[in-house]
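Now for the letters of each chain:
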Amino acid sequence: MFLMKYKISFIFLLFIASLPVRAQLQIKPPPASGFERRIRQYIDTMSIIDTHEHLVGPEMLADGFFLDFSLLLLQNGYDDLISAGMPDTLYDKLFNEELQPSEKWKIVEPWWQNSFNTSFNRIILYSIRHLYGIDDLNASTVGPLSEKIRKAYETNWFDRILLDSCRIKYLIKDGNYMPGRDVYVKYEKRFDDWLLLRSKFGIDSLAIQQRDPIYSLDDLEKSLTLAFEKELKKGMIAVKVFTSYYRTLNFEKVDKESAKKVFRSLVNGDMDFRITMKDAKPLQDYLFHHLMRLALKYDMPVAIHTGLQAGKGKIIDNSNPEHLTNLFVLYPGIDFVLYHGSFPYGGELSALAKNYRNVYIDMNWAWAVSPTYSRYHLNLWLEMVPANRLIAFGGDAMAVENVYSELILARNIISDVLSEKVKEGYYSEEEAKTIAKMIFHDNAARLYKLE
Ligand SMILES: [Zn+2]
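Not measured: the values here are computed from a predicted model.

Rules used in this analysis
- Residues numbered from 1 in each chain as written.
- Predicted model: local features only at pLDDT ≥ 70, side-chain atom pairs only at ≥ 80, totals over all residues.
- Heavy atoms only, no water.
- Buried < 20%, exposed > 50% of the residue type's maximum accessible area, 1.4 Å probe, protein only.
- Helix = DSSP H or I, 4+ residues; strand = E, 2+ residues; numbered from the N terminus.
- Arc of directions from axis to C-beta.
- Contact = heavy atoms within 4.5 Å.
- Domains from an automatic or database assignment.
- Buried area = accessible area lost by both parts, 1.4 Å probe.
- Salt bridge = Lys/Arg side-chain N within 4 Å of Asp/Glu carboxyl O.
- Pairing = 2+ DSSP bridges.
- Donors = N, O, S within 2.8 Å, 3.2 Å for Na, K, Ca; no water.

**Here's the deal with helix α8 (residues 142-152)**
Then comes step 1: Of the residues making up α8, those classed as buried are Val-142, Leu-145, Ser-146, Ile-149 and Ala-152. The buried residues of α8 occupy an angular sector of 125 degrees when projected down its axis, which confines them to one face.
Then comes step 2: On its buried face, α8 sits against α6 (101-112), α7 (119-132) and α9 (157-165).

**Digging into the domain arrangement of the protein chain**
Then comes step 1: Domain assignment breaks the protein chain into domain 1 (68-152) and domain 2 (169-447).
Then comes step 2: Here the C-alpha centroids of domain 1 and domain 2 sit 29 Å apart.
Then comes step 3: Of the residues lining the interface, 17 residues belong to domain 1; the matching set on domain 2 comes to 17 residues.
Then comes step 4: A per-residue breakdown of the area domain 1 buries against domain 2 is headed by Ile-123, Tyr-126 and Leu-131, which together make up 29% of the total.
Then comes step 5: Linking domain 1 with domain 2 are zero salt bridges.

**Side note on the pairing of strand β2 (residues 168-174)**
Then comes step 1: For β2, a buried count of six out of seven residues is recorded, marking the element as mostly surrounded by other parts of the structure.
Then comes step 2: Across four bridges, β2 lies against strand β3 (residues 185-190) in parallel orientation. From the neighbouring strand, Asp-174 faces β3, where its bridge partner is Glu-188.

**Concerning the coordination of the zinc ion**
Then comes step 1: Donor atoms from the polypeptide that coordinate the zinc ion comprise His-52 (NE2), His-54 (NE2) and Asp-396 (OD), at 2.0 to 2.2 Å from the metal.
Then comes step 2: One chain supplies every donor to the zinc ion, and in sequence these donors are spaced H-x1-H-x341-D. Residue His-52 is found in strand β1 (residues 48-53), and its partner Asp-396 is found in the loop between β8 (390-391) and α19 (400-423); the two are separated by 344 residues along the sequence. Asp-396 carries the same exposure label as His-52, and that label is buried.

**Quick word on the pattern of salt bridges**
Then comes step 1: Counted under the stated rule, the structure contains 30 salt bridges.
Then comes step 2: Put simply, Arg-264 and Glu-257 hold a salt bridge, and the shortest N to O gap is 3.4 Å.
Then comes step 3: Sharing partners across several salt bridges, the network here consists of Arg-38, Glu-429, Glu-430 and Lys-433.

**Let's talk about helix α2 (residues 35-44)**
Then comes step 1: Turning to α2, its buried residues number three or more, namely Phe-35, Ile-39 and Ile-43. The arc that holds the buried residues of α2, viewed along the axis, is 65 degrees, so those residues lie on one side.
Then comes step 2: Contacts from the buried residues of α2 go to α19 and α20 (429-447).

Shown next, in the form of structure tokens:
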């Protein structure tokens, strides 16, 4: 009897296992065998647009002190060493002093041993293994690795990794353009000097930069207009808003009189007069809306840092994308690109992108921050948000080695998620490939007018 029962359950289990997986609605017929491999290959060999990087060019590297293993720690890896307890005061020793790799390793080692587990640091390990053939980061490898890095940068390594290994067609750099690389490196510009203004010194600096005195709020607005138009001529393709590192993303519509009041308090102050972000908010908000009018006039997308800030001691609520809701209503003609999958506000971002047709989700950096978050939210966004408003990749990195590894991570997860949905019959194989092309290339090309 027992055996019989066992046999029946076994047959039943076999029957269940042979059914197609139907986690949701099965809309498409089962895919032809080998679909996972074909989707993966399609994604792995596709040309992409990388929408956000902070790369340090090889020319600058040659003048710095981090053309060794510490290059790979820049920003992300360093952040997790700090999270593990490394004192901030060691930054200069690591990146601004001429030390041997072995001496740098002595500084890093205790903190690396406590943070080797994180995604930021696994990306570094992947880079050194696959690009430099070095299996681990430790006292005996930092020397040879540093030597290999130095040698690599004597060649056209930088461009080769980006163009050949990563198959990047265009790349958008935060900050400024890279001379000699304009063919594929485009740039977005921040206007923090206005959006974070809170001192007399700040106003004077702007006047000196532009060789034009600033006596009134109108002069200050004019200085922003001039700076914006100058960047347009240089080739800026988007406005970048970075302010949530320092203040809330809630930009209220302020009347001119309230902004003037703050402006007057600043210009009438002493040379070192400085007010709090909270007190400066009416002026900053007023200038932000002036910047939005410029973006509208010149048809510039506005890319906004949302969610987790790099570095330590930042206030996470400042970067909640919900604070931006009034802008989506006020400026239906501006395309707002919300960066980093708004970690950890993925749910809020889903609702915003579904509700407002001028909101784009850009998953740059989210892959490195958390592969699990990215996988979950990619599933969610594919189900909730039209595919024309999802952008897959930017590394948000300073070294090309880490762009390389983060892109492989993103390609892996996107292949997996799409293949799963094809397996379930939710999408056809062709639909999955169409989505991949839209999110890796077409959407960014259209949004930033890159073709
Ligand atoms: Zn960034």
